[in-house]
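# Observations on the model geometry
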Amino acid sequence: MNEIEEKSFYQAMGRYRGILGWLISTDHKKIGIMYLGALLCFFSVGVTLGILIRLSLIAPGMFLSAQHYNQLFTVHGIVMIFLFIIPGIPVAFGNFLLPLMIGAKDVAFPRLNRFTWWLYLAGAFIVLLALATGGGPPDTGWTFYAPYSIESKTNVSLAVFGVFVLGFSSIFTGLNFVTTIHRMRAPGMEWFRMPLFVWTLYATGWVQILATPVLAITLLFIVLGRFIGIGFFDPTRGGDPILYEHLFWIYSHPAVYIMVLPAMGIISEIVPVFARKRIFGYHAIALSALAIASVGYLVWGHHMFTSGMSDTARVIFSFITFLVAVPSGVKIFNWVSTLYKGSIEVAAPLLFALSFIFLFSIGGLTGLIIGSLAPSLHLHGTYFIVAHFHYVMFGGAGFSFFAGLHYWFPKMFGKMYSEKWAKRGWFFLFVGFNVLYFSMFILGYEGMPRRYFEPPPQYHGWSVISTIGSWLLATGILIILSNLVRALFKGEKASANPWGGRTLEWTVSSPPPRENFIHGPVIATDPYGFEGKK
Amino acid sequence: MPTMLLGPANTSGRVDETFIYIVGISAVLLLLVTGCMIYFVVRYSRKRHPQAEEVKESVWLEVFWTVVPTLLALSMFYFGWVNFKYIRTPVKDAISVNVVASKWAWLFIYENGKRSDVLRVPVNKPVRLVLTSADVIHSLYIPAFRIKEDCVPGIKTYLGFNANETGTYDIFCTEYCGVGHSQMLSKVIVISGEEFAKWYETTEASGAAKKGQLLLQDKGCLGCHSIDGSKKAGPSFKGLYRARETVITNGAERTVIVDDAYIKDYVRHPNIDIVKGYQPIMPVIPVTDAELALLVEYIKTLK
């Protein structure tokens, strides 16, 4: 390669310089980097709010009133769900890597891609505006259950509108990725030669396209209820509060797969590279992603096992819920089998990936407990649920996000971070996470309801332990992020392929050139052949 | 299929049994997965095992770990279903109690019209709760009995149990309902059949005082205000009349004397004054003028 070809996309100049140049760029890599920055900011905000929730719980009323506490956990949920984990892996890593991994120059619709980023910014801005105007931050919980959300004096309407806008960002991203994967693959890249991360982005894309419009309609109904009194969910006007729960979860359950499927994709990339071994059960992993995405549509009712919904419906939803657990199990068995007879180097990305397997297993298995009808009568609406979904979303999607961040950091920024500090950060995060959230399983089994400002005294002990866990976890996140920020400025220059990966993004320089590939790649095999490679 | 596990109600063991079954299998699976993972990472570390070996794909293995978990999962579903069905199937001759949840109080109405803010039930007798809500969604949860069901406005839902030990057990609200959510507490008091019959048959004294107390209970006031001086989400009614209270009006502190007019005005327009040390969370309670007068007269008697 000569000098000119090695110029990275960071140096590629468009019509404008500086921030404007970034904001109007249609380069999928720049958009990915901007998304990543925004996500990490909102993640930090969400963590801070979470720490405050835990603090208030061990000393209720000391520094937060009940109303402020309710607003706090609502905003924590909205920020973490809608601004961090749902856009999450697809918009940051998907944007940056999808075209690279399939040997394309960009996504199918680069300008639509830029538009999703603007919509995301607009949605985030509206949500933040809602916190500072009208009746203040919403106090409904992130689920916006009616009729409470119709009556609330807080600024629910604007927050809901922000989420509505964010929904469109998500729909267009899904549309763009599905089209890109269908139309933009390099010559020779057949479906079953695609990296597994691409497979999961594909399955996720469909969920985004098909499920998110339901959320948009539901939120619109809330706003109509608040402004012109249309009583979709108001029993005094012939509406039905349980209808709201159905509509909300028809989106919000598949949304769990929007968060977790791409997370599984990242794990499927990292495990074979650090084990130097072909991924075990490639077809099973790829197809199970599609199975999860399609069956995952039909299980939303398990959020409503004590809602007053008919008992027959509960039985059917429970049955399908147990079926959707199986493909996740299949993936876990295949990842573990990939390690068998490998040549394993436990570098930071693998450490996060293995933690994902452990934590996600706990999240999934506890999901079986609450997906079962009888235990759900006891555990629904308690801290058991809070623990379960944090194990799935944070232990699952969150740890995978960090795994991906450490895996692709050298590719994205062309710098190496300190491996030692990455591992130290992981240690605090992992220990803190389990102290924080495992305590909640115990609290939940003992019957402590969620969203309680002032827990009854018998739950104080485990609450304190959980809160101590939150401090350890925050320490871990602080170490991890500082280590990466330091690497940005002082890190050593990264080579094109520091981990020995076989997917296409490792064939270009770090960071990649503006047009990704100087010569369009031609693909002859799947990307997991490590035979003879050290 | 009777359960081996017991608890304070017939429902407790049913739930715990399913719980233990699923947790047991899950723990074995988790140990297996984690154990293999850690063993492989140590055994095949790059130091010990510098060159990876090729391992053939196996359709049989894929089928095996698809079919076996499916069967396990279906057995979990089945257990949960059977016990759920037992818990949810209505029993004949159950004592029926209507439950009205409101922000932030529970009201239990018995078949003979008797009302209470705690749930008194006889031991070893099936009870059926018919639930509804007067405002937003609430959920009636009895942790010791391992059961809950949402109270939904405009809809009747139900819950059934048969307590097998006398005692007092917590009732929590488990559907988020606003500032008073964690204060929306009550008790199930399980008493002997005779004791229950005695309580159930006693007609309340019909004096004005008793009427006032019942009205406070019906309107949900007692959820947040005690009549014995104990502290709840709002100030106690005991000694309230003629008391000097520090309130905050538009951010400025002032002292008021609680008299007839003040109480009436406060009920009609709550939260314009915020009593110092409390949250501005009082909902507008629909009461007639006559009822309001009765309430004030009753509060006067609580010295």
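Report follows, based on the coordinates. Just so it is clear, the model here is predicted, and its values are computed rather than measured.

## Observations regarding the packing of aromatic side chains
Describing an aromatic ring pair means giving the distance of the ring centres and the angle of the ring planes. All names here are of chain A. Counted by the stated rule, this structure contains 86 aromatic pairs over all chains. Here Phe84 and Phe401 contribute two aromatic rings whose centre-to-centre distance is 5.2 Å and whose plane-to-plane angle is 70°, an arrangement assigned as edge-to-face. Highlighted residues: Phe84 in helix α3 (residues 66-85) and Phe401 in helix α14 (residues 383-413), separated in sequence by 317 residues. Take Phe84 and Phe401: they sit in the same class, and that class is buried. Each ring, one from Phe409 and one from Phe413, has its centre 4.8 Å from the other, and the planes form 45°; the classification is tilted. Of this pair, Phe409 and Phe413 both sit in helix α14, four residues apart, roughly one helical turn. Like Phe409, the residue Phe413 is buried in the burial classification. Sitting above the plane of the Trp22 ring, Lys30 keeps its charged end 5.2 Å from the centroid.

## Considering the interface of chain B and chain A
With 75 residues of chain B in contact, the opposing surface of chain A contributes 90 residues. Where chain B abuts chain A, roughly 6,800 Å² becomes buried across the two surfaces, and 67% of that area is made up of carbon and sulfur atoms. Our count for the chain B to chain A interface comes out at five salt bridges. Here Glu53 of chain B makes a salt bridge to Lys341 of chain A, at a shortest N to O gap of 3.8 Å. The interface formed by chain B and chain A includes 30 residue pairs in polar contact (both at pLDDT 80 or more). A total of 16 residues in the side of chain B that touches chain A trace back to one element, the largest contributor, which is helix α2 (residues 59-88) of chain B. Here the residues of the side of chain B that touches chain A are counted per class, giving 40 nonpolar, 19 polar and 16 charged.

## Notes on unusual backbone geometry
Between Ser510 of chain A and the following residue, Pro511 of chain A, the backbone shows a cis peptide bond with an omega angle of -10°. Summarising the element assignment, Pro511 of chain A is placed in the segment after β2 (492-493). Here Lys103 of chain B and Trp104 of chain B are connected by a cis peptide whose omega angle stands at -10°. As for its placement among the helices and strands, Trp104 of chain B is situated in the loop between β1 (95-102) and β2 (105-110). The backbone phi angle of Arg146 of chain B is positive, close to 70°, even though this residue is not glycine. The residue Arg146 of chain B is located in the loop between β6 (138-142) and β7 (147-151) in this model. The phi dihedral of Arg242 of chain B falls on the positive side, at around 70°, and the residue is not glycine.

Cut-offs and rules
Residues numbered from 1 in each chain as written. Chains lettered and ligands numbered in written order. Predicted model: local features only at pLDDT ≥ 70, side-chain atom pairs only at ≥ 80, totals over all residues. Heavy atoms only, no water. Phe/Tyr/Trp six-rings, centres within 6.5 Å; stacked < 30°, edge-to-face > 60°. Helix = DSSP H or I, 4+ residues; strand = E, 2+ residues; numbered from the N terminus. Buried < 20%, exposed > 50% of the residue type's maximum accessible area, 1.4 Å probe, protein only. Lys NZ or Arg CZ within 6 Å of the ring centre and 35° of its normal. Contact = heavy atoms within 4.5 Å. Buried area = accessible area lost by both parts, 1.4 Å probe. Salt bridge = Lys/Arg side-chain N within 4 Å of Asp/Glu carboxyl O. Polar contact = N/O pair within 3.5 Å; in protein donor to acceptor, adjacent residues only side chain to side chain. Nonpolar A, V, L, I, M, F, W, Y, C, P; charged D, E, K, R; others polar.

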